[in-house]
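Observations on the three-dimensional arrangement
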Amino acid sequence: MNIKVPKPISGGIILSYKCNAECRHCMYACSPKWSADWILKKDLSVLLNILADKIEPSFYGKNIIDLNLGIHFTGGEPFLNFELLCEGVEMARELKIPSLFVETNCYWASSDNITKEKLLNLKNKGLNGIMISVNPFFLEFVPFERTERAVRIAYEIFGTNMFVYQLEYFQKFKKLGIKGKLTLEEYSRMDYGIHFTRYTEFFIMGRAAYSMEKLGIFPKYKVKFLIMNKCNPPILRNWHNHFDNYGNFIPGYCGGLSLGDWHEMDQILNDGIDPQQYPILFTIIKNDFKGLISFAKDYGYEERKNGYLSKCHLCVDIRRFLAEKNEFKELQPKEFYTHLE
Ligand code: SF4
Ligand code: SF4
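Think of each chain on its own: its residues are numbered from 1, step by step along the sequence as written. Each chain gets a letter, beginning with A, and each ligand a number, beginning with 1, in the order they are written. At least 70 in pLDDT is required for a residue's local features to be given in this predicted model, at least 80 for side-chain atom pairs to be given and counted, and no such filter applies to totals for whole chains, interfaces and linings, which use all residues. Where side-chain values are given, they derive from all heavy atoms of the structure, hydrogens and water being excluded.

1. Some details on the site of ligand 2
Near, as used in this document, describes a residue that has one of its heavy atoms within 4 Å of the molecule or strand being considered. Around ligand 2 lies a shell formed by Met205, Cys231, Ile235, Cys254, Ile284, Phe289, Lys311, Cys312, Cys315 and Arg319. Of the residues forming the shell around ligand 2, the biggest block, four residues, is contributed by helix H12 (residues 311-323). Three classes are used, and their members are as follows: Ala, Val, Leu, Ile, Met, Phe, Trp, Tyr, Cys and Pro are nonpolar, Asp, Glu, Lys and Arg are charged, and the others, Gly among them, are polar. Residue composition of the shell around ligand 2, by class: eight nonpolar, no polar and two charged. Helix and strand labels come from DSSP, where a helix needs a run of H or I of at least four residues and a strand needs a run of E of at least two; each type is numbered from the N terminus.

Quick look at the structure:
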């Protein structure tokens, strides 16, 4: 029997996977190396029209932003194509989509004037707010002065509709008097040592699975322990899914997995996930990781005897292997699997 897909009430629109940065923790394996396949304006319009009657506002009102409600523009780095970002905001505003914000790493905030001009422009077009990304992984690519500037000016323009993810790091970097960029290793020497990720939310998925393995700072677990856990947050949910520039309806934060083509959203919501068409996706949603491993082994996958950092590490490692077979339409976009390391 097919598995029902919940109607999305919020989410992020990936304008492109292209990014100025190549963060070691990126869930979507974004980087400057990706093809610059920005979402076509006509596709963006189609997507926003599909979402318009489904998206729910923040509990505090349609003009207030909320990480898990409303719509956000993301990437990759959406400010790399500022014109497209502006057009997306205008389209969403015309459709009265609530709780609209953009997520950025602030690489572009090179002066007060530029920062003010861009943020005012977006606000005037109807953007409700902004989420500014801060942690030691971004610090490898974005000078901290730019982040500080963007936070200061975004607060002047958007007020409390500006939030910093993660505030703990922003405060810590200020206290440490950080200037410019720092490698992860330099930062580790300055502060928490190798344990800094323990104090804030951190998902070992996507590129993080491989880069954290190289860093050697997390313990590994045997498969028999990992498969006892459910995906957390759940893979199928109505909140904070993603919609990419290639048409993929991505469950949650699970980069490289597709519930189908969002152009056919009605069909996805009506028909659900067919086990014949999407065997990998179906097995993952059923939380049958034993079945998934056995399925992958039939194709030649070898389970790592020394274990995995997380269940998502196990999941992405199997998917990366299976993606090379070019047989599975739920393993999209293909390029994701080539940018994990
Ligand atoms: S985490 Fe954000 S800034 Fe870093 S590579 Fe991914 S999309 Fe770019
Ligand atoms: S185990 Fe796989 S499906 Fe589950 S949350 Fe992690 S990446 Fe997503």
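2. Here we look at the side chain of Ser99
The residue Ser99 is located in the loop between helix H2 (82-94) and strand S3 (100-104) in this model. Here a residue-residue contact requires only that any non-hydrogen atoms of the pair lie within 4.5 Å. Leave out the neighbours within four places in its chain, and Ser99 touches Pro57, Ser58, Gly61, Lys62, Ile64, Ile65, Leu69, Gly70, Ile71 and Asn128.

3. Observations concerning the sheet that holds strand S6 (residues 241-243)
Paired strands are those between which DSSP finds at least two bridges. Read across the sheet, seven strands follow the order S5-S4-S3-S2-S1-S6-S7 without closing on themselves; strand pairing throughout is mixed. With partners counted over all chains shown, the strands left at the sheet margins are strand S5 (162-165) and strand S7 (249-250), one partner each. Relative to S7, S6 runs antiparallel, the two sharing two bridges. Of the residues in S7, the one forming a bridge with His242 is Ile250.

4. Things to note about the environment of Ser258
Examined against the element boundaries, Ser258 turns out to sit in the loop between S7 and helix H9 (265-271). Exposed residues in this analysis have more than 50% of their type's maximum accessible area, buried residues have under 20%, and partly exposed residues fall in between, with area computed by a 1.4 Å probe over protein chains only. You can call Ser258 buried: its relative accessible area is 2%. Put simply, Ser258 and Asp244 are 14 residues apart on the chain and 9.6 Å apart in space, counted from C-alpha to C-alpha. Residues contacting Ser258, with those up to four places away along its chain left out, are Asn248, Phe249, Pro251, Tyr278, Leu281, Glu330 and Gln332.

5. Structural notes on helix H3 (residues 112-125)
The span expected for a helix works out to 1.5 Å for each residue beyond the first. Taking 1.5 Å of rise per residue, the 14 residues of H3 would be expected to cover 20 Å, and the 20 Å separating its terminal C-alpha atoms lies within 8% of that figure. Of the residues making up H3, those classed as buried are Thr115, Leu119 and Leu122. Across the axial projection of H3, the buried residues extend over an arc of 60 degrees, all falling on one side. Across from the buried face of H3, at angles greater than 90 degrees, the exposed residues are Asn113, Glu117 and Asn124. Of the surrounding elements, those touching the buried residues of H3 are H2, strand S4 (129-133) and helix H4 (144-158). One or two residues past the end of H3 sits Gly126, with phi positive at roughly 120 degrees. What the arc describes is the spread of directions from the helix axis to the C-beta atoms.

6. Details of the packing of aromatic side chains
Whether two aromatic rings pair depends on their centres lying within 6.5 Å, for rings of Phe, Tyr and Trp, where Trp uses its six-membered ring; planes under 30 degrees apart make the pair stacked, over 60 edge-to-face, and the rest tilted. In this structure the tally under the stated criterion is 18 aromatic pairs. Ring geometry for Phe101 against Phe163: centres 5.8 Å apart, planes inclined by 55 degrees, an arrangement best described as tilted. Taken as a pair, Phe101 in strand S3 and Phe163 in strand S5 lie far apart in primary sequence, 62 residues in all. Assessed through its relative accessible area of 21%, Phe163 is described here as partly exposed. Judged by centre distance (5.4 Å) and plane angle (50 degrees), the rings of Phe203 and Tyr253 are tilted. Of this pair, Phe203 sits in the loop between helix H6 (184-190) and helix H7 (207-215) while Tyr253 sits in the loop between S7 and H9, and the two are 50 residues apart along the sequence. Tyr253 sits in the buried class, given a relative accessible area of 12%. The rule is short: NZ of Lys or CZ of Arg within 6 Å of the ring centre and within 35 degrees of the ring normal puts a charge over the ring. Above the ring of Phe82, the side-chain terminus of Lys118 is found at 4.3 Å from the ring centroid. The ring of Trp239 has Arg237 sitting right over it, with the charged end atom 4.0 Å from the ring centre.

7. Here's the deal with the site of ligand 1
Around ligand 1, the neighbouring residues are Cys19, Ala21, Cys23, His25, Cys26, Cys30, Gly76, Asn105 and Phe138. The class makeup of the residues in the shell around ligand 1 is six nonpolar, three polar and no charged.

8. Structural notes on a nonpolar patch on the surface
Only residues whose relative accessible area exceeds 30% and that form no salt bridge are eligible for patches; like-charged ones are grouped when within 9 Å, while nonpolar side chains (Val, Leu, Ile, Met, Phe, Trp, Tyr) are grouped when within 5 Å. What sets the accessible areas is the Shrake-Rupley method with a 1.4 Å probe; for residues, cover comes only from the shown protein chains. One speaks of a salt bridge when a side-chain nitrogen belonging to Lys or Arg is within 4 Å of a carboxyl oxygen belonging to Asp or Glu. A surface patch of nonpolar side chains, amounting to about 420 Å² of accessible area, comprises Phe59, Tyr60 and Ile64. For Tyr60, the position within the fold is in the loop between helix H1 (41-52) and strand S2 (70-74). A residue is classified by how much of its surface remains accessible, and Tyr60, at 70% relative accessible area, is exposed.

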